[in-house]
Every structure is written in structure tokens, then in C-alpha cells.
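The lines below spell out each chain.
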Amino acid sequence: MGNMQGNMQKALMLAILSVVLCAFQTELYAQPPVKVKGGNVAMTISTGLPGGELVSVVNTLTTLDYRRENYLTKITVSTSCPGQDFTLKVVATNVSAGTAAPEVTLTHGMLAADFITNIPQRPPNTGSCTLQYTASATFAQGSSAEVGNDVHTVTYTILAQ
Amino acid sequence: MQLTEQPVDLISRRAVLIQQIIRIRGRVLGGYLFNVADGLVFLYGVIPKADLNLRITRPILLFNNRLIVKQTFSTIFLFAALLSIPANVEAQIGSDNHTVTVQVSTVTVLQVSSGVVNLNITGAGMVAGQDQMMATDQSTSLLWGINSSNKKITVNTNLVNPTYTLKILAVSPTVGIAAGEVTLSTTPADFLLNVGRSSGSCQIRYTAIALASQGTGSDNHQITFTVQTQ
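Conventions used here
- Residues numbered from 1 in each chain as written.
- Chains lettered and ligands numbered in written order.
- Predicted model: local features only at pLDDT ≥ 70, side-chain atom pairs only at ≥ 80, totals over all residues.
- Helix = DSSP H or I, 4+ residues; strand = E, 2+ residues; numbered from the N terminus.
- Buried ≥ 20, exposed ≤ 12 C-beta atoms within 10 Å, placed from the backbone.
- Core = buried A, V, L, I, M, F, W, Y, C linked by C-beta atoms within 7 Å.
- Contact = placed C-beta atoms within 7 Å.
- Pairing = 2+ DSSP bridges.

Here the focus is unusual backbone geometry. In this structure, P123 of chain A follows R122 of chain A across a cis peptide bond, with omega equal to -5 degrees. Tracing the backbone shows P123 of chain A in the loop between β8 (113-119) and β9 (126-136). Look at the link from P123 of chain A to P124 of chain A: it is a cis peptide, with omega at -10 degrees. At N150 of chain B, a position not held by glycine, the phi torsion is positive, near 55 degrees. In this fold, N150 of chain B is placed in the loop between β12 (132-146) and β13 (151-157). Phi is positive for N194 of chain B, close to 60 degrees, though the residue is something other than glycine. Within the fold, N194 of chain B resides in the loop between β17 (189-193) and β18 (198-211). The exposure class assigned to N194 of chain B is partly exposed, which follows from the 15 C-beta atoms found within 10 Å.

Written as C-alpha cells, this is what we have:
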């Protein structure tokens, strides 16, 4: 009799734990591991200095949200831009969790480079940063009228560090 | 990747299943990847095809300090071995991307270093009996930036009928080729060649020439430099 009562208690506790665990995981994994917010980015270089170079442009209109795990993680960045002609760099600013890596020059075919490192484990469950893109070009690289635009598909990946 | 095989207490390390992995031709050659506080744990074993439908979806419950998995899941392979993967293993959790477009407009910029040049022909040093007198100035320079191909720079004056002759020459261009000294007129003349897709500078040498027979006076020129297709 006592053994049966003990088994029932165990079953009840299991059920409660299941509910709690499922609820926790549902809430946690409702958020994607990493998400770019603000859509696509368009940058236009339109001025230059005589005897110097074209003037770089900076864009900070997009952000990156990321989920913190129960272990140390980091975010890397890479790009695909076949026929790239101009220079594009990115750096994380206003980083809420983790350490921003030095500015990364995005080059077609590059290996993924560190973007944010040492993202601590949760809680809290999320982190975010501003994506600061800097586009630059030289007079010698020509114009989009002659060589076309550079269209980068920039990918951010979160992984265990 | 360096792996070390050792027993792992999934319970005390609060393991959470990430995903089932490595399934080849109906057999799971790998097993299950768990998050733990200080790294990742990979549980491996060969799973019979008949067990493939027994995927662990919420496998880990903590109860009385025991690891409980979904029933009917074979504990033979479950505890066959545990591999502890070092924390520096790069296991991807997720990714996202967006498009960044960089457009570069056609940019053409020219700048003269100084706005005014004065050439005074005083006759100093003149040799008696010689009609031609000259004065030169090389105090100014031209700077440019052009991101289009096949370009040249031309020069002209707005003065229709100058009394005296004014010549111009590009000296020591950092990029391109000087076209040679030309006498300024209202018709554009080549000043610098092959300056497409470049930025650079050169000195401007003006040479004013007057004949004694032309008497005294002054000419006021407005010099215009223009980038044109070569």
C-alpha cells in the first residue's frame, strides 16, 4: 500500500515537472536563436574628395537580437557577395550581452569571423546589439554604373564558444 | 576536434537536449546532443532501425536524482557511452541573414588650389631689341577624383579675344599624362589624359607672353577645367 502511494507521488511529481519543463522550453525556444531586425540595408556612396577618396557611409538602422543559452556562446558573421568590388565592414555596437569583436571586413568567400564573443549564459534569456555597417570605395574601384552594385547576403550565426 | 570520453552526470549538469543527429541509411550512428552548463555532451550509440520512431522530444526529467527518458527507449545504448565534448567545440545553434546593398554613384570632382593667379609682365630682364616678354606662374595646382573610366581633363578660357597669349601646362601629374603646353582659347584643349578611375593632382604652370608691340594693358581670364570622355 505504502509502495503504491509512493509510486503515485512520484508519478504526480513527474507530471508537474513535465509541465514546468515543457512550459519553460516553449517560452525559451519561442525566440529564434538569432534574428536580424530592421530588414535589408541599402547604402549609397555619392561624394568624394578631390585628390583624396570617396567618402564612406555608415548605416546603423538594423539590430541583432539573440538568445542566450545555458552555456557560453558567440556570434560569427560571414557574407556572400559574388563579384564584390567595394568594401563593407561591420561591427557590433550597443552590445547588451557579450563582447563586441573588432570591426570585420566582409569579403565574399570569407570564413566566418567573430562578431560578438563571450555571450554569457542566461538569465536573462536575450541579448541585442546594433549592426553598424560602413561602406567605402576608392575612385579606382569605379562606380556602380560600370561595375554594378555589391549585394551582400550577410549571415549571423550563434554557436557554442 | 578533440574528444574525450568520460562519464557525465547529465542530471547534476542540467542537461537539455538540443537535437538528434547523424542518421545514415536508417541507422542513427550518432545520438543526441545535450547542452550542459559548461559545454556540450554527445550521447552516441547505434540505434536499430525499429527504434527510429522513438525520438526523444522531451527526454530529460529530473526526479529523485535519476535520468528518466521516454519509456521503451533502450537504456542499453543510452548508457553505452557518453562523450564529453570540450567547450570550445563550435556547435551551431542558429543563424539569420539579411541583404546589404552597396551602391557607388558616379562621382567626378575637381578642385583648383587657389582662386586667383596674377601674372605681371614687367619687362624686367628684357634684352634690348627683343620683342617678346614672358612671365610664368606655378603656384597653383589641380586636384581631381574620378570613378569613371576613359576620362581626360580639358581646359579653356572665357576670354574671346585676349590681347596677350596665355599658355598652360600640367606639371608632374601624380596620375595620367600631361597633354603638353597649350595656348588657351575658348575651345577646350586637352590638359591631362588617362585620368579615369583615379584621384590625383598636378601643378599648373601658366605662361603669359606679350610683345612689346602689343603695348600695355591686362587680360582677365576665367579658366575652366572639365572632365570629359577620352
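Having put the structure on the table, let's press on.
Counting 51 residues, the largest nonpolar core has F115 and Y133 of chain A as the members making the most contacts within it. If you tally residues by element for this core, the top one is β18 of chain B, at five residues. Sequence-distant contacts of Y133 of chain A, defined by excluding residues within four places in its chain, comprise V41, M43, V58, N59, L88 and V90 of chain A together with V100 of chain B.

Sheets are built from strands that pair by backbone hydrogen bonding, the pairs being arranged parallel or antiparallel. Residue and element names in this part refer to chain B. Spatial strand order, β11-β12-β18-β14-β16: five strands in an open sheet with antiparallel pairing. Every other strand in the sheet has two partners, leaving β11 (108-112) and β16 (182-183) as the edge strands with one partner each. Note that strand β14 (residues 165-171) and β18 share seven bridges and pair antiparallel. Paired with L166 across the bridge in β18 is A208.

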